Amino acid sequence: MKKGEIVFFAACVAFFGFMLFETFDLLRQGRPGEVGSGLWPFMALAVSMLLSALMLIASIQKSIKAAGQGAQEVTAEANAEKKRARVTVTLSIVCFLAYILVMPWIGFILASLLYIFVFALVLGERRRWVLAISPVLMTAVIMGVFAKFITIPFPKGIGVFAEFSRLFY
Amino acid sequence: MLDHYLQALATVLLPQNLLAMVLGSLWGLLAGALPGISTSMGVVLLLSFTYSLSPMTAFVLLVGAYLGGITGGSITSILFGIPGEPSSVPTVIEGHAIAKQGRPAFALWVYLLCSIYGGLFSVIVMIVATPLIASFALKFGPPEYFALTVLGLSVVSGLSGGSMLKGFISCFFGLFLATIGTDGITGEERYTFDTVTLLGGINFVVAMVGLLAVSEIFIEAEEPFKEYKGGVQYKGMLREFPPFSLFRSYLLTMIRSPIIGTIVGALPGAGATIAAFLSYGEAARTAKREPEKFGKGAVEGLMAAECANNASTGGSMTILLSLGLPGSNTTAMMIAAFMIHGMQPGPLLLSTRPDIVYGIFVSMLLTNLLLLGLTILAIRMFLELNRMPYSIFSAAIMILCVIGAYGLNNNMDDVLLMFAFSLIGYAMRKFDIPVAPCILALVLGDMAELSLRRSLLLSGGSPLILVSSPISIVLLAGALLSIVYPLIKKPKMLQGL
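Participant: Would you take a moment to explain the overall build of chain B for this structure?
Facilitator: When its secondary structure is counted, chain B shows 22 helices and two strands. Per-residue burial over chain B gives 60% buried out of 497 residues. For chain B, restricting intrachain contacts to residue pairs at least 6 apart in sequence, the fraction spanning at least 24 positions comes to 78%.

Participant: What is the right way to look at the packing of helix H13 (residues 271–286) of chain B against helix H14 (residues 299–323) of chain B in this model?
Facilitator: Each pair of packed helices gets described by two things: the angle between the helix axes and the distance between those axes. Residues and elements named next belong to chain B. Packing of H13 against H14 brings their axes to within 7 Å, and their N-to-C directions diverge by 145°. Here H13 and H14 pass one another in a crossing that is right-handed. Across from Gly271, Ala272, Ala275, Ala276, Ser279, Tyr280, Glu282, Ala283 and Ala284 in H13, the residues of H14 making contact are Glu300, Gly301, Ala304, Ala305, Cys307, Ala308, Asn309, Ala311, Ser312 and Ser316.

Participant: How should I be thinking about helix H10 (residues 204–221) of chain B in this particular structure?
Facilitator: Helical periodicity: at 3.6 residues per turn, an α-helix aligns residues three or four positions apart in one direction. Residue and element names in this part refer to chain B. Here H10 contains 18 residues, and its C-alpha end-to-end distance of 25 Å stays within 8% of the 26 Å for a straight helix at 1.5 Å per residue. The sharpest bend along H10 measures roughly 30° and falls at Gly210. H10 sits mainly inside the fold: 17 of its 18 residues count as buried.

Participant: Just to check I follow, could you spell out the interface of chain A and chain B for this structure?
Facilitator: For an interface, size is often stated in terms of accessible area lost upon the parts coming together. Contact residues are listed per partner, giving 50 residues for chain A and 44 residues for chain B. Secondary structure elements with two or more residues in the side of chain A that touches chain B: helix H1 (2–28), helix H2 (39–68), helix H3 (76–106), helix H4 (108–123) and helix H5 (128–149) of chain A. Residue contributions to the side of chain A that touches chain B peak at eleven residues, all from H2(A). Here the side of chain A that touches chain B is built from residues that sort into 34 nonpolar, twelve polar and four charged.

Participant: Where do I start with the environment of Ala162(A) in this structure?
Facilitator: Residues and elements named next belong to chain A. With respect to the secondary-structure elements, Ala162 resides in helix H6 (residues 160–166). As a C-alpha pair, Ala162 and Trp40 span 122 residues in sequence and 46 Å in three-dimensional space. In this structure Ala162 touches Gly107, Lys156 and Gly157, once residues within four positions along its chain are discounted.

Participant: What is the right way to look at the packing of H10(B) against helix H19 (residues 412–430) of chain B in this model?
Facilitator: Residue and element names in this part refer to chain B. At a closest axis distance of 7 Å, the pairing of H10 and H19 adopts a crossing angle of 55°. Classified by the angle between their axes, H10 and H19 sit oblique to one another. Where H10 crosses over H19, the handedness of that crossing is right-handed. Listed contacts from H19 to Val206, Ala207, Val209, Gly210, Leu211, Leu212, Val214, Ser215, Phe218 and Ile219 of H10 are Asp414, Leu417, Met418, Phe419, Ala420, Phe421, Ser422, Ile424, Gly425, Tyr426 and Arg429. Considered class by class, the residues forming the contact of H10 with H19 number 15 nonpolar, four polar and two charged.

Cut-offs and rules
- Residues numbered from 1 in each chain as written.
- Chains lettered and ligands numbered in written order.
- Predicted model: local features only at pLDDT ≥ 70, side-chain atom pairs only at ≥ 80, totals over all residues.
- Helix = DSSP H or I, 4+ residues; strand = E, 2+ residues; numbered from the N terminus.
- Buried ≥ 20, exposed ≤ 12 C-beta atoms within 10 Å, placed from the backbone.
- Contact = placed C-beta atoms within 7 Å.
- Axes fitted to C-alpha atoms, helices over the stretch in contact; angles between N-to-C directions.
- Left-handed = near helix turned anticlockwise from the far one by under 90°.
- Expected span 1.5 Å × (residues − 1).
- Bend = angle between axes of the 7 residues up to and from the residue.
- Nonpolar A, V, L, I, M, F, W, Y, C, P; charged D, E, K, R; others polar.
- Parallel < 35°, antiparallel > 145°, perpendicular 65-115°, else oblique.

Set out below in structure tokens:
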């Protein structure tokens, strides 16, 4: 975690630093004697960068201290479990992003059907009846409540997918 | 005056008005609980139905939707960790944590009883002290608003868990996020990088759904496969009914929170979200019993937030009826309802249409009582969702989150922004950076900045204006105390290590 923490706080410092750099333009604008639009974000970003830098230094110090004490042994089981968790989270994130990106092309209904099925698989669901019935049921309920009753204009998709979506909403 | 109340009671109890009250409340509960619709949207959707109704029936219906929406927002917050309403975010933090500890019914009871108590408290205050609250709210100028937001932000120490440094990083990040978009005073674009999506700023519902709900699903995805959502098990509502002694032991919170809610609700533009956060923060700051539980399932935090967000309804309605000012988005929609029926809310309303004003008072009182029963029905309905397979349940929550973000402006850019926030939220959780201060700052940041700059414009740049009134001095002193005191008490908190 120490290595991850160092990377995370280094990224924070870089992000806040970049935004702070962008703020200098805002500070130059505005009328003299008035508080312009740059002061408030400048204060927020400067403090954020400073605190992130402090956390980065603290993380590096901790890492050096831990290295001096020698590495703790990690069992193969714990390693495998950690790897499994990482793979599942990564796939969950990729799945969710794909759902969002694909929706405008294939429409809300098909995207949701596919997403529920794939996401359940990623989470470890293997019961066939759950994988077969739930996506259809869930999509139908969501469509009924949000597209029919509340009339949210969900993306319909393009071409043949739009034709398909128009059958339902 | 008693005549007015009796007459109003007789009118509200007419069958068509009672039906409007039940339907309005049920619709409000549903709108509040579903992430895609806000309370204000719920009220707007009902507006078109009120054209054909008598004014009294129309207002009974709208009041039902308003109170139901504020109350219902917390059901999904506790059960699924999805805030139905922005004002339910503190409820997600504490209520959902209690539910995950295996006591959802207990959390739901605490929420329900506190909500109804807060709502009733504010209605009674509204009836008794309408003129007083209205005149107090008028004393708030930009310096007082700034002091109020600083007090709100100063509760970071209470929300930071073990490390105040990490809490402050989260808070200042939230303050930065609040500056993205078009500047409210000069009209300059800030950090939009020439994108249209960011011109209007970051909607905090989008940020909140990503930071809180979606990131939690990612965190839970790390756990080994489970057939059902084991964290939230329903043991029966009656068995988990909280004892009276529980509320008595948090007497100070039970007294203070509805007062905060009513007062903040009466401040124009503040509303239930700020009321809930301020009250929650105060509870976190002054907690004597188990302060370490804040952020991990503190009953006191849940009580404070729920009392305050429902109490804000009375405050908001007070200034709407007495001054014609909207205390929240939803009461702004109510102004439209008054206009539809040929009325103008404000000082003259009480003399020109006392039947409507007293009718609203009485219907708010009765709706709060009615909500006690209706919410239990709604809870039972939502609890059934817990029986779903966990994998499907998680997918459904993700889709609801997408709908929540998409439904704001009906565009996918908000959904992509929500996805970005979910990644940020995931990283923050992984590195123990509390999410609550970031959301608090995002909510309060805009008001803090604008009120500071307006104050300085008024004073010609002199910062002394910020301490020129007793109200702002008291509020700023409170803020200073709440930051300094925990540091003196626990200096290690500053280290964050």
